Amino acid sequence: MNHPTPIETPPREPGRDAAFQKNLRASIQVFIALLALLVANVAVSYAGLGRSQHIAVALLISTLQAVLAAGVLMHLKSEKRIIRVVLVFTGVFFAGLMVLTMGSFANEVTASHVH
Amino acid sequence: MEIPYGVQERPDTGLWNAKLGMWLFLASEVMLFGGLFASYATLRTYAPDWPKGSDFQNIPLGTFNTAVLITSSITMVMGWASLVMGQFGKFRLYMGLTLLLGVLFLGIKATEYRGKFEHYGVTLADGTVVTGHVESQDASRVVLLPDAKGGAAHEPMTLARSQIKRMIVFGPWYNTYLALYFTLTGLHALHLLAGVLVNLYLWGPGSRMWQREPERFTHRVECAGLFWHFVDLVWIFLFPILYLL
């Protein structure tokens, strides 16, 4: 296979380069944090917590991991407003989906309701 | 005719086309996985009994696989960053590592799947349930290597067919937990496979675009990266709910 000849991208402004390097360092820090939180999640599963406490802690750790990954690795924290708006709507619909699905079981139809 | 805003940002949104398109696609993916997560939550909440993930899964292997996927996310970022800095050679190195880690994840997942299909739950005539690997079997008997429980030594058990009431492999039909496990991890693995194929294209023949349109190629890698991170993000939730809880 012929490998393309490396070429330089257009020159970037110095201020933007500094911000870029800062973001890159943040990505590496997030990588280390994600691994540490993974270890924490596994450790919690051996800590002997009650089932509901364990579910709450495990999901909290996972949510923290997701926020770090989305915010830094996917650059959401510095992303344009329209994308954040789209994601807010997505979150609302996601929450609705969860509540409606689970709520449908809370309203069981029993024989006494049938006319 | 050239399609506008392929590389340049639109003045009103501040985005180039593909990035907006990718985020809208990811929003639809959230709803796809959201439906399955809602099914999981509902089935688990209203089940009279639910197994622990560790009854069916190898936790150290699952943890290692999660670390593999997290590592692939940072190599993906480094690949994209290399392009932004104009270092095409480093891009190929990091993208190559991302591909290897993605394939390693799928390989480990395939090993886990194979293990499930060699594992049986055997209900004896007296109602006792024994789980383990079948070492050998014929028309009259089954030799089962039971799972170790609490560090106890496990010797092979020879069971007469007449003693066995029910014998089912750990497939999706074994119980609701395994049905959800195979559905969720199967869909996730398909996404990862799609990501590997896209990355392979960008690492190989697709990288020729770097010579002609470096900025557009960098954007393509950024979009592939967004998808890759999303797949990683889904796994960050799948791992605890299927392995740890």
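Description of the structure in this document.

About the thresholds
- For every chain, the first residue of its written sequence is number 1, and the numbers climb from 1 along that sequence.
- Labels are handed out in written order, letters beginning with A for the chains and numbers beginning with 1 for the ligands.
- In keeping with the model being predicted, local features are shown solely for residues with a pLDDT of at least 70 and side-chain atom pairs are shown and tallied solely at 80 or more, while totals for entire chains, interfaces and linings include all residues.
- Note that the side-chain values use all heavy atoms of the structure and ignore hydrogens as well as water.
- For the purposes of this entry, the term helix denotes a DSSP run of H or I that reaches at least four residues, the term strand denotes a run of E that reaches at least two, and both are numbered from the N terminus.
- Categorising residues by exposure relies on relative accessible area from a 1.4 Å probe, with only protein chains included: less than 20% of the type maximum marks a residue as buried, more than 50% marks it as exposed, and the intermediate range marks it as partly exposed.
- We call two residues in contact when some of their heavy atoms are within 4.5 Å.
- Like charges within 9 Å and nonpolar side chains (Val, Leu, Ile, Met, Phe, Trp, Tyr) within 5 Å are joined into patches, using only residues over 30% in relative accessible area that form no salt bridge.
- To be clear on the numbers: accessible area is Shrake-Rupley with a 1.4 Å probe, and residue cover counts the displayed protein chains and nothing else.
- When a carboxyl oxygen of Asp or Glu lies within 4 Å of a side-chain nitrogen of Lys or Arg, that pair is called a salt bridge.
- Only C-alpha atoms enter the line fits that serve as axes; for helices the fit covers just the stretch in contact. Angles between N-to-C directions range over 0 to 180 degrees.
- Angles below 35 degrees are treated as roughly parallel, those above 145 as roughly antiparallel, those between 65 and 115 as roughly perpendicular, and all remaining angles as oblique.
- Definitions for this section: a left-handed crossing has its near helix turned counterclockwise from the far helix by less than a right angle. A right-handed crossing has that turn clockwise.
- Note on residue classes: Ala, Val, Leu, Ile, Met, Phe, Trp, Tyr, Cys and Pro are nonpolar, Asp, Glu, Lys and Arg are charged, and everything else, Gly too, is polar.

Here the focus is the environment of Ile241 of chain B. With respect to the secondary-structure elements, Ile241 of chain B resides in helix H6 (residues 214–244). On the basis of relative accessible area, Ile241 of chain B is assigned to the buried category, the value being 6%. Between the C-alpha atom of Ile241 of chain B and that of Gln137 of chain B, which follows or precedes it by 104 residues, the distance is 35 Å. Beyond its immediate chain neighbours, meaning those up to four positions away, Ile241 of chain B contacts Leu59 of chain A together with Phe37, Tyr40 and Arg44 of chain B.

On to a nonpolar patch on the surface, then. Together, Leu190, Leu193, Leu197 and Leu200 of chain B make up an exposed nonpolar region whose accessible area comes to about 380 Å². By the element assignment, Leu197 of chain B lies in helix H4 (residues 176–203).

With that out of the way, let us pick up the pattern of salt bridges. Evaluated as defined, the whole model comprises six salt bridges over all chains. Linking Arg141 of chain B and Asp138 of chain B is a salt bridge whose minimum nitrogen-to-oxygen distance equals 3.6 Å. Several salt bridges converge on common partners, so that one network encompasses Glu79 of chain A together with Lys19 and Glu222 of chain B.

Here the focus is the packing of helix H2 (residues 59–84) of chain B against helix H3 (residues 88–116) of chain B. Geometry of a packed helix pair, given as the angle between the helix axes and the separation of the axes. Residues and elements named next belong to chain B. At a minimum axis separation of 8 Å, H2 and H3 run at an interaxial angle of 160 degrees. One way to sum up the angle between H2 and H3 is to call them roughly antiparallel. As H2 runs across H3, the sense of the crossing is left-handed. Of the residues belonging to the contact of H2 with H3, the class tally is 16 nonpolar, eight polar and three charged.

Our focus in this paragraph is the side chain of Ser72 of chain B. By secondary structure assignment, the location of Ser72 of chain B is in helix H2. Assessed through its relative accessible area of 0%, Ser72 of chain B is described here as buried.

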